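Structural characterization, general
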Amino acid sequence: MKNRRFGGSGSGNDGGRTRRTGGIGRLLVAALAAVGIAATPVGGATAAVPTPTPGTLQQYDISATYVSGLSSGGFMANQLHVAYSDVFAGAGIFSAGPYDCAQNNLNTALYACMDTFMARKTPAQLEQLTRDRAAAGKVDPVANLSGDKVWLFHGTNDATVKAPVNDDLATYYRDFGADTVYDDTSAAGHAWVSPIGPNACTSTSSPYVNDCGGDPVKDMLTHLLGSVKPATSSAPTGKLVRFDQGAYAPGGSPSAISMGDEGFAYVPQSCQNGASCRLMVTLHGCYQYYGLVGDALMDKAYLNEYADTNNMIVLYPQATTMTGNPRGCWDWWGYKSADYAQKSGPQMTAVVNMAKALGAGTTDTPAPGLPAPTGLAVTATTASSASLSWNAVPGAVSYDVYRDGAKVNAAPVTSTGHTDSGLTAGTAYGYTVAAVDASGAPGARTAPVTATTTGAALCVTAGNYAHTQAGRAHQSGGYTYANGSNQNLGLWNVLASSTIKETSPGYWVKC
């Protein structure tokens, strides 16, 4: 179960590109990706990362586990967090889109989930997909995401994974009740951003670690872990373990699933000496794997410096190239397996095996004492309410009801039914229920059921600027686009107005 109390260049085959405009440039990117043209490797790394020491992954006292990543590693970080939410307590993501945006299709990945020429699934649709997979046991229960810490970053000069796609990731997490911070004000290009990054802030170029003058790594860790001590100003004193990834890859062959032979883990002295430590799994982006850029990410990400002062182990798994993946990306569009975003995905399994070898998931709060209620059903809906019923659980003194991962009952529910009010007409909501024992501890939650309110969604007429301020739309290039559908609503200013309606949570269309 989850320990309670994450990678950077271009994603997909379009990852790692410099900023281009126009259809010809985009087609050239895809053509270069198809033939596997690679970026120029970065020269010898220096400095703060220790010389790797051959070894194996050992068990440590891990109190909580997190995942972070850039671009393809950011998509992978989200997949791991969603599929294994019993293991990962939160995620930090630089420039990526929502869970399974690509839908096992390269063109969708390139032109809908990086660029925005093609239509893509809305956050609400992907949320329902996640609920369906959770009900089938293909990912962990979505209720686990409620309250999880999530930190997201997208730079204004990042044209590799467009802003609306990143916005969808923020909506996806917020709809599940995650405690989400989204930094989209930096001038950064497509990169991991660090105070010791070798590249200029607006750059999108190898090794995809930029310096923008601040410390987003501190911001990320502060949100995920709570208050953090300052990073060490000296060279890290822990050890960098170089280990065989074949010991954790399904079938024993990392190259068969586009992973490198070797992975790395930075272990501070305090963790080696038995201190209780957190684990951060950090995933590189395309064109950022060790075989191409050496230790550039491990050296410049500014994680090891915080690891030394905050009792944190950093695991750096490594992808590599194979047919269909010439840029060494993590699998977020299905180049290796159609199950890439599920618990059974081969790369997912390998990374979680590594995390568990270090101690992830071995310590936690006890499992819920009461079983999940059976027979959860929707008994009635109106334009503004949904009524539920379920079977009694022996030993339960009350019940808690959750809508899309967030508890909706202010007072204990002492019967085996509940009506949730104040809903939007024509909207789908996901519900789960947990029994509560005499000590006030909630038990396991039910599989979700979906209730769709009656009637048509209400049309909202407002200025386009007001739509964006209210979260119904977003702006790009001086124009306003409806959230979810991305329909063009016209110019983004206080004079232009439009009429839109919400047909599902976060999905707005023209009336």
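Note: the structure precedes this text.
Owing to the predicted nature of the structure, the values given are computational and were not obtained by experimental measurement. (Residues numbered from 1 in each chain as written. Predicted model: local features only at pLDDT ≥ 70, side-chain atom pairs only at ≥ 80, totals over all residues. Heavy atoms only, no water.)

1. Describing the overall build of the protein
Within the protein, the regular secondary structure consists of 12 helices and 26 strands. Counting all 511 residues of the protein, 56% fall into the buried class. About 18,400 Å² of surface is accessible on the protein, with carbon and sulfur atoms providing 52% of the total. (Helix = DSSP H or I, 4+ residues; strand = E, 2+ residues; numbered from the N terminus. Buried < 20%, exposed > 50% of the residue type's maximum accessible area, 1.4 Å probe, protein only. Areas by Shrake-Rupley, 256 points an atom, 1.4 Å probe, with all protein chains shown as cover.)

2. Remarks on the environment of Pro-50
Inspection of the secondary structure puts Pro-50 in the loop between helix H1 (23-35) and strand E1 (53-54). Under the relative-accessibility criterion, Pro-50 is labelled buried at 18%. Sequence separation of Pro-50 and Met-298 is 248 residues, and the distance between their C-alpha atoms is 9.6 Å. Not counting the four nearest positions on each side in its chain, Pro-50 is found in contact with Pro-236, Gly-238, Leu-240 and Tyr-266. (Contact = heavy atoms within 4.5 Å.)

3. A short note on the pairing of strand E17 (residues 417-421)
Only one face of E17 is covered, namely the face carrying His-418 and Asp-420; the face carrying Gly-417, Thr-419 and Ser-421 is uncovered. Two strands pair when backbone bridges link them, and strand E14 (residues 385-389) and E17 are joined in this way by 5 bridges, in the antiparallel orientation. Looking at the pairing, Leu-388 lines up with His-418 of E17. (Pairing = 2+ DSSP bridges.)

4. Some words on helix H11 (residues 346-358)
Counted at 1.5 Å a residue, the expected span for H11 with its 13 residues is 18 Å, and the 19 Å between its end C-alpha atoms agrees. Burial analysis of H11 places 10 of its 13 residues in the buried class, the great majority of the element. All of the buried residues in H11 are Pro-346, Gln-347, Met-348, Ala-350, Val-351, Val-352, Met-354, Ala-355, Ala-357 and Leu-358. Contacts made by the buried residues of H11 are with strand E2 (62-70), helix H2 (72-83), strand E9 (239-244), strand E11 (277-283) and strand E12 (312-316). (Expected span 1.5 Å × (residues − 1).)

5. Brief notes about the packing of H2 against helix H5 (residues 163-175)
In the contact formed by H2 and H5, the axes pass within 13 Å of each other and the chain directions differ by 10 degrees. It follows that H2 is roughly parallel to H5 by the angle criterion. Judged by the sense of rotation from one axis to the other, the crossing of H2 with H5 is left-handed. Taken together, the residues of H5 that come into contact with H2 (itself represented by Asn-78, His-81 and Val-82) are Leu-169, Tyr-172 and Tyr-173. Each residue belonging to the contact of H2 with H5 can be placed in one class, and the counts come to 4 nonpolar, 2 polar and no charged. (Axes fitted to C-alpha atoms, helices over the stretch in contact; angles between N-to-C directions. Parallel < 35°, antiparallel > 145°, perpendicular 65-115°, else oblique. Left-handed = near helix turned anticlockwise from the far one by under 90°. Nonpolar A, V, L, I, M, F, W, Y, C, P; charged D, E, K, R; others polar.)

6. Structural notes on the sheet that holds E17
A sheet is described by the order of its strands in space; here 3 strands give the open sequence E13-E14-E17, paired in antiparallel fashion. With one partner strand each, in any of the chains shown, strand E13 (377-381) and E17 form the two edges of the open sheet. On average, each strand axis in the sheet is inclined to that of its neighbour by 25 degrees, with strand direction left out of account.

7. What about the environment of Asn-325?
Residue placement: Asn-325 occurs in the loop between E12 and H11. Using a relative accessible area of 0% as the deciding quantity, one classes Asn-325 as buried. The spatial distance from the C-alpha of Asn-325 to the C-alpha of Cys-286 is 9.2 Å, given a sequence separation of 39 residues. Within the local environment of Asn-325, its side chain forms a polar contact with the side chain of Ser-258, the two groups lying 2.8 Å apart. Looking at Asn-325, its side chain comes within polar contact range of the main-chain oxygen of Thr-320, at 3.1 Å. (Polar contact = N/O pair within 3.5 Å; in protein donor to acceptor, adjacent residues only side chain to side chain.)

8. A few points about the side chain of His-154
Looking at the element boundaries, His-154 is found in the loop between strand E4 (149-153) and H5. You can call His-154 buried: its relative accessible area is 4%. Side-chain polar atoms of His-154 contact the backbone oxygen of Asp-158, separated by 3.4 Å. Leave out the neighbours within four places in its chain, and His-154 touches Ser-95, Val-161, Lys-162, Ala-163, Asn-166, Tyr-182, Asp-183, Asp-184, Thr-185 and Ser-186.

9. A closer look at the packing of helix H4 (residues 123-135) against H5
Running from N to C, H4 and H5 point in directions that differ by 50 degrees, and their axes come no closer than 9 Å. Taken together, the axis directions place H4 and H5 in an arrangement best described as oblique. Here the hand of the crossing between H4 and H5 comes out right-handed. Residues Pro-123, Leu-126, Glu-127 and Thr-130 of H4 form the contact with H5, whose participating residues are Asp-168, Thr-171, Tyr-172 and Asp-175.

10. Digging into the pattern of salt bridges
Tallied over the entire structure, the rule returns 8 salt bridges. With a closest N to O distance of 2.7 Å, Lys-162 and Asp-115 form a salt bridge. Placement of the pair is Lys-162 in the loop between E4 and H5 and Asp-115 in the loop between helix H3 (106-111) and H4, with a sequence separation of 47 residues. For Asp-115, a relative accessible area of 1% corresponds to the buried category. The salt bridge partner of Arg-242 is Glu-262, with a shortest N-O separation of 3.2 Å. You can see Arg-242 sitting in strand E9 and its partner Glu-262 sitting in strand E10 (residues 262-267), a full 20 residues away along the chain. A relative accessible area of 25% means that Arg-242 is categorised as partly exposed. Judged by relative accessible area, Glu-262 falls into the partly exposed class, the value being 35%. (Salt bridge = Lys/Arg side-chain N within 4 Å of Asp/Glu carboxyl O.)

11. Topic: a nonpolar patch on the surface
Taken together, the side chains of Tyr-465, Trp-492, Val-494 and Leu-495 present a nonpolar region at the surface, about 450 Å² in accessible area. Position of Leu-495 among the secondary structure elements: in the loop between strand E24 (488-491) and strand E25 (497-504). You can call Leu-495 exposed: its relative accessible area is 77%. (Patch = residues over 30% accessible without salt bridge, like charges linked within 9 Å, V, L, I, M, F, W, Y side chains within 5 Å.)

12. Side note on the sheet that holds strand E7 (residues 199-200)
Across the sheet, 3 strands lie side by side as E6-E8-E7; this open sheet has parallel pairing. Strands with a single pairing partner mark the edges of an open sheet, and in this sheet they are strand E6 (192-193) and E7. Pairing between E7 and strand E8 (residues 209-211): 2 bridges, direction parallel. In the sheet register, Ala-200 faces E8, and the bridge partner there is Asp-211.

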